[in-house]
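Residue strings, one per chain:
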Amino acid sequence: LAEIIKSSKFFIGNLCFAYSVAEGLKIPRLLEASPDFPVAFPVGANAYDFYHQNHFEKFFKLLNSN
């Protein structure tokens, strides 16, 4: 799994094992978070979280342009 994530342009996902791997590898990543119960926060460069569709689209375009 780590090899697949590392070879990807960026990672999109919710709080799961795969997101933890992406966070550990510090690849560009986008976390689907909950505004009611935030339990994880992306740390580092090219790490973002989103709550709503417009946030997702903004950060997706940013990560996809790199």
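Some details on the sheet that holds strand E1 (residues 11-14)
And step 1. A sheet is described by the order of its strands in space; here 3 strands give the open sequence E1-E2-E3, paired in parallel fashion. Edge strands, defined here as strands with exactly one partner in the open sheet, are E1 and strand E3 (47-50). When strand polarity is set aside, the average angle formed by the axes of neighbouring strands in this sheet is 20°.
And step 2. Direction of pairing for E1 relative to strand E2 (residues 29-32): parallel, over a ladder of 4 bridges. Residue pairing for E2: isoleucine 12 is matched across the bridge by leucine 30.
And step 3. Contacting E1, E2 and E3, helix H3 (residues 53-65) runs over the sheet at an angle of about 160° to E3.

Focus: the pattern of salt bridges
And step 1. With the rule as written, the count across this model stands at 2 salt bridges.
And step 2. Linking glutamate 23 and lysine 26 is a salt bridge whose minimum nitrogen-to-oxygen distance equals 3.0 Å.
And step 3. Given a relative accessible area of 45%, lysine 26 falls into the partly exposed group.
And step 4. A salt bridge links glutamate 23 to arginine 29; its shortest N-O distance comes to 2.8 Å. Residues glutamate 23 and arginine 29 agree in their burial class; the two are buried.

As for the environment of leucine 15
And step 1. Mapped onto the elements of the fold, leucine 15 is located in the loop between E1 and helix H2 (17-25).
And step 2. As for leucine 15 and glutamate 32, which are separated by 17 residues in sequence, their C-alpha atoms are 7.3 Å apart.
And step 3. Those residues in contact with leucine 15 that lie beyond four places of it in its chain are Leu31, Glu32, Val39 and Ala40.

A word on the nonpolar core
And step 1. Ranked by size, the top nonpolar core spans 9 residues in total: Ile5, Phe11, Ala18, Tyr19, Val21, Ala22, Ile27, Leu31 and Ala40.
And step 2. For this core, the element with the highest residue contribution is H2, accounting for 4 residues.
And step 3. Not counting residues up to four positions away in its chain, the partners in contact with alanine 40 are Leu15 and Leu31.
And step 4. Residues Phe10, Leu30, Phe50 and Phe59 belong to the second largest nonpolar core, which totals 5 residues.

Reading the values: the criteria
Residues numbered from 1 in each chain as written. Predicted model: local features only at pLDDT ≥ 70, side-chain atom pairs only at ≥ 80, totals over all residues. Heavy atoms only, no water. Pairing = 2+ DSSP bridges. Helix = DSSP H or I, 4+ residues; strand = E, 2+ residues; numbered from the N terminus. Axes fitted to C-alpha atoms, helices over the stretch in contact; angles between N-to-C directions. Contact = heavy atoms within 4.5 Å. Salt bridge = Lys/Arg side-chain N within 4 Å of Asp/Glu carboxyl O. Buried < 20%, exposed > 50% of the residue type's maximum accessible area, 1.4 Å probe, protein only. Core = buried A, V, L, I, M, F, W, Y, C linked by side-chain atoms within 4.5 Å.

This is a description of form; function is not addressed.
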